[in-house]
Amino acid sequence: PSYPEEFNPNGRPIYERKLATVDGETSFNGATYALDRIVFEGGRFTVHAKHGTYFHSLATSEYLEEEFLARLSGDSDRAVNLSDLDHRRELHRIAGGENVLFDGRGRAAALSMAATVLVTEPDGTYSVILPRRSTTVETHPLFAHVAPSGIFAPIGADRREDPAEFSIRRCLLREYAEELFGYKDLEQGRGILAEDVESLPPVRALLEAEEQEKVALRYCGIAVPLLTLRPEIYVLIFV
């Protein structure tokens with residue numbers, strides 16, 4: 001409901017400005033799962049999450065990229081040091097240096113999911129779905145990006161404690177229907193379709209193809225892009 005005091009104070013105007021633009025349709029402050037910590041034990045990564053919102057992520061995580069690019073403004077070839085980046089330097093101090101990749105303190109870095117749809121063509125080559133982002137998205141409009149992809153989030157703020165919502169597979173299926181087949185109501189978790197995404201015709205067809213081994217859904221790993229320090233979980237849909 002507010003901007004926590006422990007967050008970067010430069011992000012507060014960003015957060016408040018975004019709240020002022022909320023219209024419930026093109027701009028809304030959705031609930032997210034934000035990075036708490038990533039633990040590596042026994043050859044496995046485990047992601048622990050805390051509650052967050054999309055606008056908190058914009059103000060504290062995506063802001064890292066904005067801070068970096070501002071330093072390059074006017075001279076894109078200049079060297080930028082950590083000492084030049086106040087917000088990033090503070091996160092390094094809190095986490096203890098490079099551990100900032102695994103430590104979510106001081107920010108609300110929304111977890112996200114990105115899937116690559118890789119299609120085997122009749123001639124033995126491969127194609128991938130790589131559309132351009134919308135002009136209305138908050139970050140990187142018109143950039144090419146894999147689809148489906150999106151913020152890893154519960155269906156609504158009231159469902160953040162539901163263990164069934166903390167599921168990459170469920171997130172993948174919702175984004176698949178929303179981004180590739182136009183089920184836009186799923187974006188805000190509206191209606192019965194969001195509750196029963198497996199019943200949607202394109203999702204049902206995908207799952208049937210998976211059962212028939214015509215399609216494979218594979219978890220590929222986790223990355224923490226350095227520009228935003230916001231973890232992304234990667235999935236492959238192999239046709």
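Not measured: the values here are computed from a predicted model.

Our focus in this paragraph is the overall build of the protein. Helix and strand counts for the protein stand at six helices and seven strands. In sequence order, the secondary structure elements of the protein are arranged as α-β-β-α-α-β-β-β-α-α-α-β-β. Expected size for 239 residues packed as a compact globule is a radius of gyration near 18 Å; at 19 Å, the protein falls within 12% of this value. Summarising its shape, the C-alpha atoms of the protein cover approximately 55 × 40 × 40 Å along the three principal directions. Residue pairs at least 24 apart in sequence account for 58% of intrachain contacts in the protein once pairs closer than 6 positions are excluded. By element, 53% of the accessible surface of the protein is carried by carbon and sulfur atoms, the whole surface being about 13200 Å².

A few words on helix α2 (residues 54-72). For α2, spanning 19 residues, the distance from its first C-alpha to its last is 26 Å, which sits close to the expected 27 Å at 1.5 Å a residue. At Tyr 63, α2 is bent by approximately 50 degrees, the largest bend along its length. Taking burial as the measure, the 19 residues of α2 include 14 buried ones, the bulk of the element. Residue Gly 74 follows α2 closely and has a positive phi angle near 90 degrees.

With 33 residues, the main nonpolar core has Leu 172, Val 203 and Ile 237 as its most contacted residues. Breaking this core down by element, the ones donating at least two residues are β1 (31-41), α3 (86-95), β3 (112-120), α4 (168-181), α6 (201-211) and β7 (232-238). It is α4 that provides the largest number of residues to this core, a total of five residues. Setting aside chain neighbours within four positions, we find Ile 237 in contact with Ala 115, Thr 116, Val 117, Leu 118, Pro 148, Leu 172, Tyr 176, Leu 206, Val 215, Ala 216 and Leu 217. Counting residues in hydrophobic clusters, the runner-up holds 11 residues, among them Tyr 3, Ile 14, Tyr 54 and Ala 108.

Turning next to the state of the cysteines. Applying the stated criterion across every chain, the model contains zero disulfides. No disulfide involves Cys 171; its sulfur sits 15 Å from that of Cys 220, the nearest cysteine. For Cys 171, a relative accessible area of 6% translates into the label buried.

Time to look at the pattern of salt bridges. Once their charged atoms are close, side chains differing in charge can pair, the charge on each being opposite to the other. Tallying each qualifying case throughout the model produces 12 salt bridges. Taking the shortest distance from any N to any O, the salt bridge between Arg 12 and Glu 5 comes out at 3.3 Å. Overall, the relative accessible area of 26% leaves Arg 12 in the partly exposed class. Between Arg 89 and Asp 86 there is a salt bridge, with its nearest N and O atoms 3.1 Å apart. Of this pair, Arg 89 and Asp 86 both sit in helix α3, separated by three residues, roughly a single helical turn.

Another aspect to go through is the side chain of His 87. Tracing the backbone shows His 87 in helix α3. On the accessibility criterion, His 87 (3% relative accessible area) is buried. Excluding anything up to four places from it in sequence, His 87 contacts Asn 8, Thr 60, Tyr 63, Leu 64, Glu 67 and Gly 106.

Turning next to the confidence of the model for the protein. Per-residue confidence for the protein gives a mean pLDDT of 90, with 95% of residues at or over 70. The least confident element of the protein is helix α5 (residues 191-195), whose mean pLDDT is 63; the most confident is β7, at 97.

Running from N to C, helix α1 (residues 12-20) and α2 cross one another at 130 degrees; their axes reach a closest spacing of 8 Å. Considering the angle they form, α1 stands oblique to α2. Where α1 crosses over α2, the two elements pack in a sense that is right-handed. Contacts from Ile 14, Tyr 15, Lys 18 and Leu 19 of α1 reach α2 at Phe 55, His 56, Leu 58, Ala 59, Tyr 63 and Glu 66. Residue composition of the contact of α1 with α2, grouped by class: seven nonpolar, one polar and two charged.

Our focus in this paragraph is unusual backbone geometry. Omega for the bond connecting Ala 147 with Pro 148 falls within 30 degrees of zero, at 5 degrees, which places this linkage in the cis form. Of note in this structure, Leu 142 is not a glycine but carries a positive phi near 70 degrees. Looking at the secondary structure, you find Leu 142 in the loop between β4 (126-128) and β5 (149-151). By relative accessible area, which is 45% here, Leu 142 ends up partly exposed. Positive phi, normally seen in glycine, also occurs at Leu 229, with a value near 55 degrees. Tracing the backbone through its elements, the reader meets Leu 229 in the loop between β6 (216-223) and β7. We classify Leu 229 as buried; its relative accessible area is 2%.

Cut-offs and rules
For every chain, the first residue of the written sequence is number 1, and numbering continues from 1 along that sequence. With pLDDT at 70 or above as the cut-off, local features in this predicted model cover only qualifying residues; side-chain atom pairs require 80 or more to be listed or tallied, and sums for whole chains, interfaces and linings still use all residues. The basis for every side-chain value is the complete set of non-hydrogen atoms in the structure, without hydrogens or water. A run of H or I in DSSP counts as a helix once it spans at least four residues, and a run of E counts as a strand once it spans at least two, with each numbered from the N terminus. Radius of gyration: C-alpha atoms only; globule rule: 2.2 Å multiplied by the number of residues to the exponent 0.38. Every residue pair with non-hydrogen atoms within 4.5 Å of one another is taken to be in contact. Accessible surface is estimated by sampling points in the Shrake-Rupley manner with a 1.4 Å probe; for residues, cover comes only from the protein chains shown. The span you would expect from a helix comes to 1.5 Å times its residue count less one. Working definition for bend: take the seven residues up to and ending at a residue and the seven starting at it, fit an axis to each, and measure the angle between the axes. Categorising residues by exposure relies on relative accessible area from a 1.4 Å probe, with only protein chains included: less than 20% of the type maximum marks a residue as buried, more than 50% marks it as exposed, and the intermediate range marks it as partly exposed. Residue types Ala, Val, Leu, Ile, Met, Phe, Trp, Tyr and Cys, when buried and joined through side-chain atoms within 4.5 Å, form a set referred to as a nonpolar core. Disulfides are defined as pairs of cysteine sulfur atoms found within 2.5 Å of each other. Salt bridges are identified by distance alone: a Lys or Arg side-chain nitrogen within 4 Å of an Asp or Glu carboxyl oxygen. Here pLDDT means the predictor's own confidence in every residue, given as a number from 0 to 100. Axis definition: a line fit to C-alpha positions, over the contact stretch in the case of helices; interaxial angles, taken between N-to-C directions, run 0 to 180 degrees. What sets the label is the angle itself: under 35 degrees gives roughly parallel, over 145 gives roughly antiparallel, 65 to 115 gives roughly perpendicular, and the rest give oblique. By convention, the crossing between two helices is left-handed when the near helix turns anticlockwise from the far helix through less than a right angle, and right-handed when the turn is clockwise. Side-chain classes are defined by residue name, with Ala, Val, Leu, Ile, Met, Phe, Trp, Tyr, Cys and Pro counting as nonpolar, Asp, Glu, Lys and Arg as charged, and the others, Gly among them, as polar.

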